[in-house]
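Read off the chains here:
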Amino acid sequence: MEIKPTDPSLALMEIPPGYLNIMGYVDQSEVNGPGCRAVIWVQGCLRECPGCFNTNSWSFEANQLIAVDTLAENILSNPHNTGVTFSGGEPFWQATALASLARKVKAAGLNVMSFTGFTLKQLQSQSAPPGSQALLEQLDILIDGPFVQSLAINSPNSPVSSSNQRVRVLNPAFQDQITWASDQIEIHILKDGGRIVTGYQGGLELT
């Protein structure tokens, strides 16, 4: 029987400094946070929650390695992007690089939010992944808590996918902008003919 690692440190050490290991990326999403957003799905998560939308994101093996500077340029080159969302996988396992990216896009006037399977209390503790506090300091909105299938919500009135999750508005300017819903999906057609289906019901499907 294969023994699954309980610590992603070895795989994370293989990511060059200044780079992210991501599963996917889209521009101009309207179902992953307020307004029109770039969305980055990072690679790697230990939780393996039953009913997870993005099971392909669990592995910490290298998928798409991309420089933070390159990703920032891509995001800012699309004038429709007013914000950036970090999803996954688990963003906080790559918190240091994401904090660097967040600083770059915020300097250009964009806002930043993140999903996480950790609770805010866990991210504020000494046992949090490295760089967690630096990333928290850059976030305008945090959706915290693991997806729990027995508590799943598919509602046009809920921004979270299970009832244990919480919307943490870290920047009061966004208090009235929690307008996306857990039953929305979105399809992005790529230049190479592939597609990305995203949203809580759609998960992240790369074809």
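For the structure, check the block above.
Every value quoted in this text rests on a predicted model; they were computed, and no experiment measured them.

## Considerations on the sheet that holds strand β2 (residues 37-42)
Strand pairing in a sheet relies on backbone hydrogen bonds, with the paired strands running either antiparallel or parallel.
Reasoning step 1: What the 7 strands build is an open sheet, ordered β3-β1-β2-β4-β5-β6-β7; its pairing is mixed. Because the sheet does not close on itself, it has two edges, and the strands there are β3 (64-67) and β7 (166-169). Across this sheet, the average inter-strand angle for adjacent strands is 30°, counted without regard to direction.
Reasoning step 2: Strand direction decides the pairing type here: strand β4 (residues 83-87) and strand β5 (residues 111-116), joined by 4 bridges, are parallel. From the neighbouring strand, Val84 faces β5, where its bridge partner is Val112.
Reasoning step 3: Against the sheet, helix α2 (residues 68-76) makes contact with β1 (19-29), β2, β3 and β4, and its axis sits at roughly 80° relative to β3, the strand it touches most.

## Considering the pairing of β1
Remark: a regular strand shows side chains that alternate across the two faces of the sheet.
Reasoning step 1: The element β1 is largely enclosed, with a buried count of 8 among its 11 residues.
Reasoning step 2: Judged from the 4 bridges that link them, β1 and β3 form a sheet pairing that is antiparallel. When the sheet's bridge partners are listed, Asn21 is paired in β3 with Leu65.
Reasoning step 3: Direction of pairing for β1 relative to β2: antiparallel, over a ladder of 5 bridges. Each bridged residue has a counterpart across the sheet, and for Tyr25 the counterpart in β2 is Ile40.

## Describing the environment of Thr85
Reasoning step 1: Take Thr85: it is sitting in strand β4.
Reasoning step 2: Judged by relative accessible area, Thr85 falls into the buried class, the value being 0%.
Reasoning step 3: Placed 51 residues apart in sequence, Thr85 and Pro34 show a C-alpha to C-alpha distance of 9.5 Å.
Reasoning step 4: Excluding residues that lie within four positions of it along the chain, Thr85 makes contacts with Asn32, Arg37, Ala38, Val39, Ile40, Met113 and Phe115.
Reasoning step 5: Among the polar contacts made by the side chain of Thr85, one reaches the side chain of Arg37 at a distance of 2.6 Å.

## Here we look at the pattern of salt bridges
Reasoning step 1: Across all of its chains, the model carries 3 salt bridges by this definition.
Reasoning step 2: The closest approach of N and O atoms between Asp69 and Lys104, which form a salt bridge, is 3.0 Å. Of this pair, Asp69 sits in helix α2 while Lys104 sits in helix α3 (residues 95-107), placing them 35 residues apart in sequence.
Reasoning step 3: Taking the relative accessible area as the measure of exposure, Asp69 reaches 43% and is therefore partly exposed.

Rules used in this analysis
- Residues numbered from 1 in each chain as written.
- Predicted model: local features only at pLDDT ≥ 70, side-chain atom pairs only at ≥ 80, totals over all residues.
- Heavy atoms only, no water.
- Pairing = 2+ DSSP bridges.
- Helix = DSSP H or I, 4+ residues; strand = E, 2+ residues; numbered from the N terminus.
- Axes fitted to C-alpha atoms, helices over the stretch in contact; angles between N-to-C directions.
- Contact = heavy atoms within 4.5 Å.
- Buried < 20%, exposed > 50% of the residue type's maximum accessible area, 1.4 Å probe, protein only.
- Polar contact = N/O pair within 3.5 Å; in protein donor to acceptor, adjacent residues only side chain to side chain.
- Salt bridge = Lys/Arg side-chain N within 4 Å of Asp/Glu carboxyl O.

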